[in-house]
Amino acid sequence: MRCPYCGSDDTQVKDSRPSEDNTSIRRRRVCADCGGRFTTFERIQLREIIVLKKSGRRVPFDRDKLMRSVQVALRKRPVDPERVERMVNGVVRQLESLGENEIPSEQIGVLVMEGLKGLDDVAYVRFASVYRNFREAKDFSAVLDELSGQEQLAGKV
């Protein structure tokens, strides 16, 4: 593993343990050249997933990019980081369980929106505004009406 401080390839693992949710291995490393310490995480990757963009481009799936977009939607919202991690892990597992190597970006967006709906309504609306490319206020109103309708249904059940 390359040192993020000096770029050296001579790093050593000092400590390994499972992450809190047991979906990855957390490794503490130290650089033999500069003495810098850093943490890495290893995750199981069942298959290489390619994302089919709306433009037709094909790009490798990037879990970190997915996490960043979810965190942007959740910025300044009172949601426990462990719940966010579980939601993202769930989306990744769903993608892997589809059995497809190429997955349209729209399908990923739908899974993320479903996950955000269970975490935080404000984050859901924020993500939907970008994902659905809102252009005017009535677009927001439609999503809010959709959320209100589901809350009323949940209250009746």
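All values derive from a computational prediction rather than experimental measurement.

## Side note on the sheet that holds strand β1 (residues 11-18)
Spatially, three strands are ordered β1-β2-β3 in an open sheet, and the strand pairing comes out antiparallel. Only two strands of the sheet have a single neighbouring strand rather than two, namely β1 and β3 (37-43). Adjacent strand axes in the sheet meet at a mean angle of 25 degrees when their direction is disregarded. Taken together, the seven bridges between strand β2 (residues 24-31) and β3 define a ladder with antiparallel strand orientation. Along β3, the bridge assignment pairs R29 with F38.

## Points about the pairing of β2
As judged from the seven bridges shared by β1 and β2, these two strands associate in the antiparallel manner. Counted as the bridge partner of S16 is R27 from β2. Between β2 and β3, which pair antiparallel and follow one another directly, the connecting turn spans five residues, one of which, G35, has a positive phi of 80 degrees.

## Describing the environment of L66
Residue placement: L66 occurs in helix α1 (residues 63-73). Assessed through its relative accessible area of 7%, L66 is described here as buried. Once you skip the residues sitting within four places of it in the chain, L66 turns out to touch F61, V88, V91, V92, I108 and V112.

## Remarks on the pattern of salt bridges
A side chain with one charge may pair with a side chain of the opposite charge, provided their charged atoms come close. Applying the stated rule across the entire model yields six salt bridges. Of the charged contacts in the structure, one is a salt bridge between D15 and R17, with a shortest N-O distance of 2.7 Å. Where R58 meets E102, a salt bridge forms, and the shortest distance between an N and an O atom there is 2.9 Å. Placement of R58 in strand β5 (residues 58-60) and of E102 in strand β6 (residues 102-104) is noted, with a sequence separation of 44 residues between them.

## Overview of the sheet that holds β6
Taken in spatial order, the three strands line up as β5-β4-β6 in an open sheet, and their pairing is mixed. Strand pairing shows two members of the sheet lacking a second neighbour, β5 and β6, which therefore form its edges. Within the sheet, the average angular offset between the axes of one strand and its neighbour, ignoring direction, is 35 degrees. Of the pairings in the sheet, the one linking strand β4 (residues 50-52) to β5 comprises three bridges and is antiparallel in character. Note on β5: the bridge partner recorded for L52 is R58.

How each quantity is defined
Residues numbered from 1 in each chain as written. Predicted model: local features only at pLDDT ≥ 70, side-chain atom pairs only at ≥ 80, totals over all residues. Heavy atoms only, no water. Pairing = 2+ DSSP bridges. Helix = DSSP H or I, 4+ residues; strand = E, 2+ residues; numbered from the N terminus. Axes fitted to C-alpha atoms, helices over the stretch in contact; angles between N-to-C directions. Buried < 20%, exposed > 50% of the residue type's maximum accessible area, 1.4 Å probe, protein only. Contact = heavy atoms within 4.5 Å. Salt bridge = Lys/Arg side-chain N within 4 Å of Asp/Glu carboxyl O.

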